[in-house]
Amino acid sequence: MNTDQAVSTRAVVSSLLLGLVFATSVILVALSVAQASQADTFVWILGRSSGITALIMLWAASVLGLLVSHPNSHGWTWMQFVTRLRLHIGFSVFAILITIVHLVSLALDQFVDVGWAGALIPMASNWERIPVTFGVLSFYGMLLVAVTASLANSAIFRRSWLWLHRISLLFFVMAFGHGMLTGSDTDALFFGYVIAGVFVFILAIWRYRKPSIRRKRKEYVRDTKPRIIEESR
Amino acid sequence: MTLTLLPANEIRYDVGNSLFPTGSRRFDLTEFEARFGSSIPLENNADLEALLSRIEQAGVHGRGGAHFPSAVKIRSAILAGAGGTVIANAAEGEPSAAKDAALWQTNPHLVLRGLAAVGALTQAKSLGVWVHEDSYSTRSSMAGAFKERAAAEIDRLPLRAYLAPHRYVSGEASAIINAVQGGSAVPKFFPTKSRAWGEGNAPVLVFNSETLAHIGLLASSLNWAPLESTLVTLLTLNGRYVREVSSDTTFAELLEPSDPAEHVLLGGYGGQWVNWQDIAHSRVHEASLAGQGLSLGAGIVAPLPNSHCGLIETSRIVEWMASQSAQQCGPCIFGLQWLAEDIQALAAGGRKVIGALDRLNDRLPQLMKRGACSHPDGVVRMTNTALEVFASEISLHRKNKCSASSTQPFFPTESEIHAV
Amino acid sequence: MNKHLLIDPTKCDGVGICAIKAPDLIQMDVWGFPIIESAPLTDNTKKQAKKALRACPKKALLIIERESPA
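All chains use their own residue numbering, which begins from 1 and follows the written sequence. The order in which chains are written sets their letters, starting at A; the order in which ligands are written sets their numbers, starting at 1. Reporting in this predicted model follows two pLDDT cut-offs: at least 70 for local features of residues, and 80 or more for side-chain atom pairs to be given and counted; totals over whole chains, interfaces and linings ignore these cut-offs and use all residues. Remark: hydrogens and water are excluded; side-chain values derive from all non-hydrogen atoms of the structure.

K.L.:
Provide a residue-level description of the overall build of chain C, including the pertinent values.
P.N.:
Working definition: helices are DSSP H or I runs of at least four residues, strands are E runs of at least two. Numbering for both runs from the N terminus. Secondary structure assignment for chain C yields 2 helices and 4 strands. Of the regular secondary structure in chain C, the N- to C-terminal order runs β-α-β-β-α-β. Computed over the C-alpha atoms, the radius of gyration of chain C is 11 Å, within 12% of the 11 Å expected from 2.2 N^0.38 for a compact globule of 70 residues. With respect to the three principal axes, the spread of C-alpha positions in chain C is 30 × 20 × 20 Å. Each residue gets one of three labels from its accessible area relative to the maximum for its type: buried under 20%, exposed over 50%, partly exposed in between, using a 1.4 Å probe on protein chains only. Across the 70 residues that make up chain C, the buried fraction comes to 51%. In this description, contact between two residues means that some pair of their heavy atoms is separated by no more than 4.5 Å. By sequence separation, contacts in chain C at least 24 residues apart represent 65% of the contacts at least 6 residues apart. Per-residue accessibility takes into account occlusion by the displayed protein chains alone, with areas from the Shrake-Rupley method and a 1.4 Å probe. Of the roughly 3,200 Å² of accessible surface on chain C, a fraction of 52% belongs to carbon and sulfur atoms. The charge count treats Lys and Arg as positive and Asp and Glu as negative. His and the chain ends do not count. Charge placement uses NZ in Lys and CZ in Arg. For Asp and Glu, CG and CD serve respectively. Taking the average place of the 11 positive charges on the side chains of chain C and the average place of its 8 negative ones, the gap between the two points comes to 9 Å. For this measure, only C-alpha atoms enter the radius of gyration; the expected value for a globule follows 2.2 Å times N^0.38, where N is the number of residues.

K.L.:
Before we move on, can you summarise the nonpolar core with the specific residues and values?
P.N.:
Nonpolar core, defined: a set of buried Ala, Val, Leu, Ile, Met, Phe, Trp, Tyr and Cys residues in which side-chain atoms within 4.5 Å join the residues together. B:Trp273, B:Leu339, B:Leu346, B:Phe411 and C:Ile26 are the most contacted members of the largest nonpolar core, which has 72 residues in total. Considering every element that reaches this core, the biggest residue donor is helix α14 (residues 330–348) of chain B, with 10 residues. Residue ranges assigned to the domains are those given by an automatic or database domain assignment. The two domains that each donate at least three residues to this core are domain 1 (2–218) and domain 2 (239–416) of chain B. Aside from chain neighbours lying at most four places away, what touches B:Leu339 is B:Val318, B:Leu360, B:Leu364, B:Val379 and B:Thr383. Formed by 45 residues, the second largest nonpolar core is a distinct cluster that contains B:Ile55, B:Leu112, B:Leu212 and B:Ala219.

K.L.:
Provide a residue-level description of the confidence of the model for chain B, including the pertinent values.
P.N.:
Low pLDDT marks stretches whose predicted atomic positions should not be read closely. All names here are of chain B. Every residue is assigned a pLDDT by the predictor, reflecting its confidence on a scale from 0 to 100. Per-residue confidence for chain B gives a mean pLDDT of 86; residues scoring 70 or more make up 89%. Counting contacts from residues 1–17, a segment whose pLDDT is below 50, to residues more than four positions away or on other chains yields 53 contacts. Note on residues 416–420: pLDDT under 50 across the span, and 23 contacts to partners over four residues away in sequence or across chains.

K.L.:
Report on the packing of aromatic side chains, specifying residues and quantitative values.
P.N.:
Stacked, tilted and edge-to-face are the three classes applied to pairs of Phe, Tyr and Trp rings, where Trp contributes its six-membered ring and a pair requires centres within 6.5 Å; stacked means planes under 30 degrees apart, edge-to-face means over 60, and tilted covers the rest. The tally for this structure, following the rule as stated, stands at 18 aromatic pairs over all chains. Note on B:Tyr168 and B:Trp320: the rings are 5.6 Å apart at their centroids and 85 degrees apart in plane angle, and the pair reads as edge-to-face. Taken as a pair, B:Tyr168 in the loop between β5 (159–164) and α7 (173–180) and B:Trp320 in helix α13 (residues 310–323) lie far apart in primary sequence, 152 residues in all. As far as burial versus exposure is concerned, B:Tyr168 and B:Trp320 are alike and both buried. Ring plane angle 85 degrees and centroid distance 5.9 Å describe the contact between B:Trp273 and B:Phe411, whose orientation is recorded as edge-to-face. Note that B:Trp273 is positioned in strand β10 (residues 272–275) and B:Phe411 in the segment after α17 (391–398), a separation of 138 residues in sequence. Considered together, B:Trp273 and B:Phe411 belong to a single accessibility category, that of buried residues. Through successive ring pairs, a cluster of aromatic residues spans B:Tyr168, B:Tyr269, B:Trp273, B:Trp320, B:Phe390, B:Phe410 and B:Phe411. Sitting over the face of the ring of A:Trp78, A:Arg84 holds its NZ or CZ atom 5.0 Å from the ring centroid. The ring centre of B:Phe207 lies 4.6 Å from the NZ or CZ of B:Lys73, which sits over that ring. Charges are assigned to positions over rings by a cutoff of 6 Å between ring centre and Lys NZ or Arg CZ, combined with an angular limit of 35 degrees from the ring normal.

K.L.:
Requested: an account of the domain arrangement of chain B, with residues and values cited.
P.N.:
Domain boundaries assigned for chain B yield domain 1 (2–218) and domain 2 (239–416). Distance between the C-alpha centres of domain 1 of chain B and domain 2 of chain B: 28 Å.

K.L.:
For a positive patch on the surface, give the residues involved together with the corresponding values.
P.N.:
A surface patch of like charges, here positive, comprises A:Arg158, A:Arg159, A:Arg215, A:Lys218, A:Arg222, C:Lys11 and C:Lys59. Along the chain, A:Arg222 turns up in helix α8 (residues 213–222). Residues form patches when they are more than 30% accessible in relative terms and have no salt bridge. Like charges link within 9 Å. Nonpolar side chains (Val, Leu, Ile, Met, Phe, Trp, Tyr) link within 5 Å. Just to be clear on terms, a salt bridge is a Lys or Arg side-chain nitrogen sitting within 4 Å of an Asp or Glu carboxyl oxygen.

K.L.:
Mind laying out the interface of chain C and chain B, listing which residues take part and the relevant values?
P.N.:
Many analyses report the size of an interface as the accessible area lost when the parts associate. Taken together, the contacts link 14 residues of chain C with 17 residues of chain B. The quantity reported as buried area is the accessible area (1.4 Å probe) lost by two parts once they are put together, taken as the sum for both. Between chain C and chain B the total buried area reaches about 1,300 Å² when both faces are included, carbon and sulfur atoms providing 70% of it. Applying the counting rule to chain C against chain B returns 1 salt bridge. One salt bridge connects B:Arg370 with C:Asp29, and the closest N-O pair in it is separated by 3.1 Å. Definition of a polar contact: a pair of N or O atoms within 3.5 Å, with one able to donate and the other able to accept a hydrogen when the atoms are protein atoms, and with sequence-neighbouring residues admitted only if both atoms are side-chain atoms. At the junction of chain C with chain B, the criterion picks out 4 residue pairs in polar contact (both at pLDDT 80 or more).

Following this line, the structure appears as structure tokens:
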């Protein structure tokens, strides 16, 4: 194996894929904005399109995360493990960044009554109070998961980061609920939501069905203590 | 030389030399002392230094596979400090190995004398014997010897038996150290060799049983000349023979002419496949084999009967070795599982052979030196040599042919040495 | 004496973050477990080694000082 070549190929592939993701999301936003073309609904359109984009990013991050953490993940060679991990991290970061765009645009928007308070504090929105709260909580959840994961080596989060990562599926569900309940386009996208949601659900079941390496390790270690017999003195 | 059959046991002891003076029966303490004398005095520093230099001069080295000079190991343990534990390793993980069992079942006092001597040299606080819990023959012989030593009040240090679960890697040195220091019998990662002997912790020193028998000879009062011999487990269709082989014996002399073989597995399941022609006139002697890039490993010599296919046997061995991973290290868990599948593909033959060979060339080097213990390294080494030695067999399999006439497995994948 | 980056393979779960933090030092094998450069650390790779060490959630990496060929 020519390692130098392997490194550069890998770097190119992952950056290309990430670039593609980024470009798609920008185009999605731009297209919707261009379609709207009316100045007074610009912020509203931006809010909606960034919301949808953020959901797609989050969905991709969850799918990649499950593909990275599956107990057999290391045995799969169809895509480099590190490439999957890079994509998972990339999608997650983009999901959070685009969610910030979504949050700011809806806080500024005059079309519905959310405001800064509604966008940042649970149960503070006058418009669609419960669904908006789902979104807010899901955003904080995502932030928490990302921050703890990047500090996973620290004494505080060494144990908790992985648990928060597992719980993050709950934030995914909340975000999906938020999208389905508030989006005025839910009727059109209904089957998309259902298929995407069911897909992640099935993937999650598949991922948690088998014991992880760590569990196997513990099981093996548990019954390998020697018995000690003092036979003479 | 006489050959004795032990009833209900697969091992045959080839008797006539000094490590097994009695044949298949256990030498009790009285018989042992009549033949080997009592232990030389190990009271003061001069006694100890004298013994250590005898060990050094005799060139005693590890017989568990690593062939590390014992005097060097003992000296670094002395530097690491007193108060450690010295362990005699009587656990042979590999189903084809039997030499340590043979030694323990016939002459346990010799091993224990070596163990006590190393204990004295390193100022250990305790001694131990590491044995598989289901090695019943070895255990009963050992228990008898323990009792006799206790009755004669020979040991000043506490002597313990550590009963380990029967797994391939539970006899690995770092697994033993791990367990004796209070952990589990799974291999442990040590960043440096000396740390394995207990930096900070109480040192744990693990010796192969045969190594200790040689040290035991040097510590005996009847003046035994240092033995230039090796215990060899010979695997044949008729069972396993354990032989003591003097260093001027050639492989052609070791093997019976009734067992013609083209290929020999040297050193066991983590060893090397060699062409019979390349070793027929080599001596069964670690140092001279090292010149050929070969090693006896833990002293296993397995001439493959011509009726058997080396590729199929290799595939069976790899599959079994993969199942024996301690599930600690990723490269071992995933790498050996993959390796077993691709070697299986070679053995199965047909169109998949080429793809499997490509993957093997690409991935085998990635598996070297990646685990906490050398379990995967051994499998990789054995597989590499199999790919070379059985190149023509692989081409046959590609055409869906096979040179073997027998479908019976040759290499054991379960240990059967503890009958009785 | 030189500094080396080592891995305790019994602790490594193959999380993968080290290969991202230290691309010049750590290659992934096909199963996504790290293969670590055996040469001693240089000033450049030392930084990467420390980054990887700090990032590993399993604390499986360590930097030790030893004679180079070991």
